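Architecture and fold: a report
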Amino acid sequence: MLRVYNTLTGEIENFIPINSPFVGLYLCGPTVYGYPHLGHARGPIIFDVIYRYLLHLNYKVRFVRNITDVGHLVNDADEGEDKIQKRAKIEQLEPMEIAQHYTDAYHANLDKLNVKRPSIEPRASGHIIEQIEMINQLIQKGFAYESNGSVYFDVLKYAETHDYGKLSGRILSELMAGAGEARRELEGQSEKLNANDFALWKKASDSHIMQWPSPWSNGFPGWHIECSAMSAKYLGKSFDIHGGGMDLLFPHHESEIAQSTACHNVAPAKYWIHHNMVTINGQKMAKSLNNGILLSEVFEGKHELLEKAYSPMTLRFFILQAHYRSTLDFSNDALKAAEKGLQRLMNSLTILNKLEPGNQSDFNISVLNENIFKALNEDFNTPIALAHLFEAVGWINKINDGNAALTKVDLSTLKSLFQLVVIDILGLLEEQSSEGQNFIDPLLQLIISLRNEAKDAKDFKKSDEIRQKLLLAGFELKDGKECTTYSIK
RNA sequence: GGUCCUGUGGCCGAGUGGUUAGGCUCAGCUCUGCAAAAGCUGCUACAGCGGUUCAAAUCCGCUCGGGACCUCCA
């Protein structure tokens, strides 16, 4: 039985889909106004594993992950412009061109991380009509009002009949007490009935390039409405899982719940799943804090905090080694450790496929199997699942050394278990530079045999030279008992 | 200021009141021409103080430290 932590209740609950075997899964995607950094990778990777696991459990999953390409207000110097447009002015490009550029970069990075593409990846800019329609309904129902060409959601009105703050644990009266004091002045604050009201539609100034006609003004949609409109369109008014980063809890997800509930008379999502942040030196990695490390910088090793490049799979493993609800502190040492660990795990997979069965089994595969799925079923506890996998890594090495054995049946069970968990569910792949792989192997076998001739002739000077030069070329030789193997650095 | 989370061995990180999490690093040994890999062994921690309990890293209280949100954010 799969159990998931639901932010809405603060408890781990049994996962029971609204309409089994169908599962609707919505994840807040990126705002495409910059290159993705380390923190941006966590959500997609965590939810990729969740997606894969749900598929493994034979659910029919529709996974929607949006692209936000409109609407976010900036609150620094250029008030009222949206972020996409701001970049457009700097770079003298068409706004959509920029959105496309960063969307492509996002995809390229996630592909490297072996993150499956979602079933549907809607863009906010492609759903203006749906958003306007939803705003219309909210006005008709009395939950929203127009003010000077903009439309705001009436939080107080909503709070009369609903609990605004139940997701994020906020109390409206406290929000109101705090409003106005330590808060920064948002543009259009005077247009609101109440400081906590949030924008559904913003009137655009003439200089604002990204704008669309609406019944109220030429403008653009507020931030929260896009997710509500798109999730309702593709998953229905009520769906199973809504996910995102913990930093989106308030106001984004809280407001989504308010809008959707007010509009559809039903809560949008049954389970809310929030992953925690990636920190650096204990502090959240964020574009605004200027402490972000881009994914491309990790993959290329081009960052002052990084000793070297780390592969996408290393990063994926690093992220899965922590539970998704804990903060994860990033450092070069931590990545280095992840790299070694991953290597050991993947090596054991290769070894496993070459093992010969024995007459008896020294290890209990079914207990292993049970432990791994117990961990995954308990709120997707990937670190514990990995710990159990490493138990088996020890077994595999022992068998390989001839110090233990597994029967034919157990061996093949173990093989399929590793295949299923490591490759299919955790999405960890054997890494090799695929290009030229086909001719590299025979080439290296030739070099190895030449080196072995030198070794047999006790010409160690020559054999060491060959090994050293190959290492410089990126190939590491390992002299085993039976034969010499190599790995690509 | 308000709400909430958190503090685990050299590092990263799991932990349901009673059992060795796991990974990495380090030291020793086995194997080996050397190196690497692999195996074995060792290093056994829970911020501090107090309480509950036969038993607490785990529950409660206080103190100190770190963080998130309250504003765009994965």
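Note: the structure precedes this text.
Read on for a plain summary of the structure. (Residues numbered from 1 in each chain as written. Chains lettered and ligands numbered in written order. Predicted model: local features only at pLDDT ≥ 70, side-chain atom pairs only at ≥ 80, totals over all residues. Heavy atoms only, no water.)

**Focus on the packing of helix 1 (residues 38-56) against helix 10 (residues 312-320)**
Where we set the bar: Axis geometry follows a simple rule: fit a line to the C-alpha atoms, using only the stretch in contact for helices, then measure angles between N-to-C directions, giving values from 0 to 180 degrees. Secondary structure follows DSSP: runs of H or I at least 4 residues long count as helices, runs of E at least 2 residues long count as strands, and numbering of each begins at the N terminus. Here the word oblique covers every angle except those under 35 degrees (roughly parallel), over 145 (roughly antiparallel) and from 65 to 115 (roughly perpendicular). Whether two residues are in contact is decided by their heavy atoms, any of which lying within 4.5 Å being enough.
Relative to each other, helix 1 and helix 10 sit at 75°, their axes nearing to 10 Å. When the interaxial angle is binned, helix 1 and helix 10 end up roughly perpendicular. Only Leu315, Arg316, Ile319 and Leu320 of helix 10 make contact with helix 1, whose side of the interface consists of Leu38, Ala41, Arg42, Ile45, Ile46, Asp48, Val49 and Arg52.

**Focus: the pairing of strand 9 (residues 239-245)**
Applied cut-off: For every residue, the accessible area (1.4 Å probe, protein chains only) is compared with the maximum for its type, and the residue is labelled buried under 20%, exposed over 50%, or partly exposed between those bounds. In short, DSSP must find at least two bridges between two strands for them to pair. When the strands point away from the viewer and the path from the first strand over the helix to the second turns clockwise, the crossover is right-handed.
Among the seven residues that make up strand 9, seven are buried, leaving the element largely enclosed by the rest of the structure. Pairing of strand 9 with strand 10 (residues 269-275), which is carried by six bridges, proceeds in the parallel orientation. Looking across to strand 10, one finds that Ile241 is bridged to Tyr271. Regarding topology, helix 8 (residues 249-264) serves as the crossover connection from strand 9 to the parallel strand 10, and that connection is right-handed.

**Topic: the environment of Val61**
Inspection of the secondary structure assignment puts Val61 in strand 4 (residues 60-65). Of the residues examined, Val61 reaches a relative accessible area of 13% and is grouped as buried. In this structure, the C-alpha to C-alpha distance between Val61 and Pro118, residues 57 residues apart in sequence, is 9.8 Å. If we skip the residues at most four places from it in the chain, Val61 touches Val23, Leu25, Tyr51, Leu54, Leu55 and Ser119.

**Some remarks on the sheet that holds strand 6 (residues 150-153)**
Sheet strands pair via backbone hydrogen bonds, and the direction of the pair is either parallel or antiparallel. The sheet built from four strands is open, its strands ordered 5-6-7-8 with antiparallel pairing. Since the sheet does not close on itself, it has two edges, and those belong to strand 5 (144-147) and strand 8 (219-221), each with one partner. Between one strand and the next, the sheet's axes are offset by a mean angle of 20°, whatever the strand orientation.

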